[in-house]
Amino acid sequence: MVAPLEEGHVRLYTCGPTVYARAHVGNFRTFLFEDILRRWLERRFARVTHVMNLTDVDDKIIRQAAAAGHGLHAETAPFIDAFYEDLRTLNIRPAQHFPRATEYIEEMVALIERLEEAGVAYRSAGSVYYRVAGFPHYGRLSGARAEGLVAGAGGRVDADEYDKEDVRDFALWKAVGADEIGWDTRLGRGRPGWHIECSAMSMALLGESFDLHCGGVDNIFPHHENEIAQSEAATGRQFVQIWSHSAYLRIGGEKIAKSMDNFATVPDLVASGARPSALRYMLAAAAHYRKPVNYSDESLHAATESVDRLADFDARVRGHPPRAGENEARVERIAEARAEFGAAMDDDLNLPGAMGTVFSLIRVLNRELDDGELDSASYSALVGFLDEVDDVLGVMELVANERAGNSLSEEDRALLDLRRVARERCEWSESDRLREVLADRGIVVEDTGEGQRWRRL
Ligand code: AMP
Ligand code: ZN
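These numbers were taken from a predicted model, which means no experiment stands behind them.

Colleague: What exactly am I supposed to notice about the coordination of the zinc ion (ligand 2) here?
Modeller: Tetrahedral coordination by four donors places them ideally at 109.5 degrees to one another around the metal; octahedral coordination by six donors ideally gives 90 or 180 degrees. The zinc ion (ligand 2) binds to the protein through Cys15 (SG), Cys198 (SG) and His223 (NE2); the donor distances cover 2.1 to 2.2 Å. Between the donor residues of the zinc ion (ligand 2), the gaps in sequence give the motif C-x182-C-x24-H. Taken together, the residues Cys198 in helix α6 (residues 194-206) and His223 in helix α7 (residues 220-235) connect sequence positions 25 residues apart. Classification of Cys198 as buried rests on a relative accessible area of 1%.

Dropping the structure here:
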């Protein structure tokens with residue numbers, strides 16, 4: 001567990017999406033890990049300040065904007081809106097700050113000037129580069145990967161940087177021509193490198209030294225290694241106390257990536273029948289955040305079952321008014337489970353382990369509670385625990401929406417509407433036909449006194 005630099009206040013920075021396309025479900029594995037972390041920290045500390053940046057300028061965005069003949073903002077706005085919408089779909093708590101790189105150009109320029117003064121930045125052909133040899137701690141975070149660096153390795157090393165003193169050096173400021181998208185600054189006309197964005201925005205909003213910085217494992221090198229080099233060379237202070245990275249979401253054993261054509265977005269999956277609650281559970285709780293998760297129908301199905309088991313139990317407990325009394329052994333069992341849950345979460349955010357404890361308790365209590373009735377002391381203990389579990393897991397509100405019928409794809413909803421209208425008009429054969437169409441789509445319809453109800457097969 002982190003000991004915050006400022007008493008009772010945790011400062012958390014998480015690398016956000018590059019908004020040149022809608023974020024894919026792999027990105028959301030990382031964002032959900034960060035959401036679970038944030039929620040747990042909020043239970044443990046009086047105050048958490050969470051900053052997530054939006055990278056709204058990079059080569060691809062510029063290329064796309066130029067091709068479309070509009071500015072950066074017009075290019076990124078729809079993807080930023082889509083990102084916020086997906087956060088809501090998955091019940092991810094919004095950061096207090098979503099700084100956009102394009103709004104922090106002055107901070108970046110000032111930071112680059114500090115690096116020049118410190119002797120770790122140099123100009124070459126109008127661009128400014130970081131001199132890795134000038135920072136003795138380079139490689140501390142990523143170890144061998146930084147030492148083994150060759151041009152083009154590690155993913156995001158730009159191939160167009162001919163003017164560097166050393167292959168390890170990276171661009172802080174990239175010169176651009178008068179007709180290209182860029183900013184006229186004290187460094188000349190250009191645009192920022194990717195890494196300087198996060199150093200400048202995190203330090204502007206959280207201070208030069210803060211507690212936690214997160215991302216996916218592909219951020220470790222070069223992105224976070226370079227952020228450390230930039231920030232620490234400029235300030236002479238430790239940049240971040242703890243770095244945490246989540247492993248990949250994969251599909252068929254491969255990393256999901258926008259460049260791989262194997263990705264799906266959150267609305268794609270919801271339209272194909274995935275429930276947001278189950279997606280959330282699968283991405284956040286099916287495996288420890290340091291272990292890869294494979295996306296498959298089976299893993300989604302298992303997550304759906306877990307969510308339903310939890311929600312059904314929760315409904316069962318809250319649906320029966322307790323009777324007066326105290327079953328001491330039961331109260332004790334619930335308290336033990338709650339302590340185990342907390343210990344697992346404190347142990348490097350072991351949510352799968354914590355949920356294992358919850359489901360063991362549910363198994364025992366479901367057996368004991370055939371009549372559904374609890375003694376009032378156990379009832380309060382259990383409701384308190386279930387509230388804590390969901391404060392971290394964040395699925396019950398999604399389940400409630402889904403059960404209220406709000407999670408259908410547009411096509412399914414349209415079919416249900418057509419059937420409702422057909423019944424209102426007493427068109428029974430049409431209503432039967434639509435029932436079959438829906439059944440083929442995995443939706444069972446029943447007619448009740450209050451109209452038609454649907455559930456998934
Ligand atoms: P990007 O938009 O590419 O900058 O990525 C945003 C975040 O998603 C970063 O923290 C990445 O590390 C993370 N990320 C990208 N692909 C995956 C994946 N397949 N699984 C988990 N996290 C990912
Ligand atoms: Zn970043």
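Colleague: When you look at unusual backbone geometry in this model, what are you seeing that I'm missing?
Modeller: Trans peptide bonds make up the majority, and among non-glycine residues the majority have a negative phi. For the peptide bond that leads from Phe221 to Pro222, omega is 0°, which places it in the cis range. One can find Pro222 in helix α7. The backbone phi angle of Asn91 is positive, close to 55°, even though this residue is not glycine. The phi torsion at Leu349 lies on the positive side, around 55°, for a residue other than glycine. Given the relative accessible area of 9%, Leu349 is considered buried.

Colleague: Whenever I open this one, the site of ligand 1 confuses me. Can you help?
Modeller: Not every one of the 20 residues close to ligand 1 is listed here, only the nearest: Thr30, Asp218, Asn219, Leu249 and Ile256. Note that an oxygen atom of ligand 1 is positioned 3.0 Å from one of the side-chain N or O atoms of Asn27. Take Leu249: an N or O atom from its main chain is 2.8 Å from a nitrogen atom of ligand 1. Considered on its own, ligand 1 offers 500 Å² of accessible surface; in the complex 95% of this is hidden by protein. Only α1 (25-44) and β8 (210-216) provide two or more residues apiece to the shell around ligand 1. Broken down by element, the residue count for the shell around ligand 1 peaks at four residues, all from α1. Taken together, the residues of the shell around ligand 1 break down into seven nonpolar, nine polar and four charged.

Colleague: What's the story with the side chain of Thr14 in this structure? I'm lost.
Modeller: Among the structural elements, Thr14 can be located in strand β1 (residues 9-14). For Thr14, the side chain forms a polar contact with the side chain of His50, separated by 2.9 Å. Each residue touching Thr14, except ones within four places of it in the same chain, is listed here: Glu34, His50, Val51, Met52, Asn53 and Cys214.

Rules of the game
- Residues numbered from 1 in each chain as written.
- Chains lettered and ligands numbered in written order.
- Predicted model: local features only at pLDDT ≥ 70, side-chain atom pairs only at ≥ 80, totals over all residues.
- Heavy atoms only, no water.
- Donors = N, O, S within 2.8 Å, 3.2 Å for Na, K, Ca; no water.
- Helix = DSSP H or I, 4+ residues; strand = E, 2+ residues; numbered from the N terminus.
- Buried < 20%, exposed > 50% of the residue type's maximum accessible area, 1.4 Å probe, protein only.
- Near = heavy atom within 4 Å.
- Polar contact = N/O pair within 3.5 Å; in protein donor to acceptor, adjacent residues only side chain to side chain.
- Areas by Shrake-Rupley, 256 points an atom, 1.4 Å probe, with all protein chains shown as cover.
- Nonpolar A, V, L, I, M, F, W, Y, C, P; charged D, E, K, R; others polar.
- Contact = heavy atoms within 4.5 Å.

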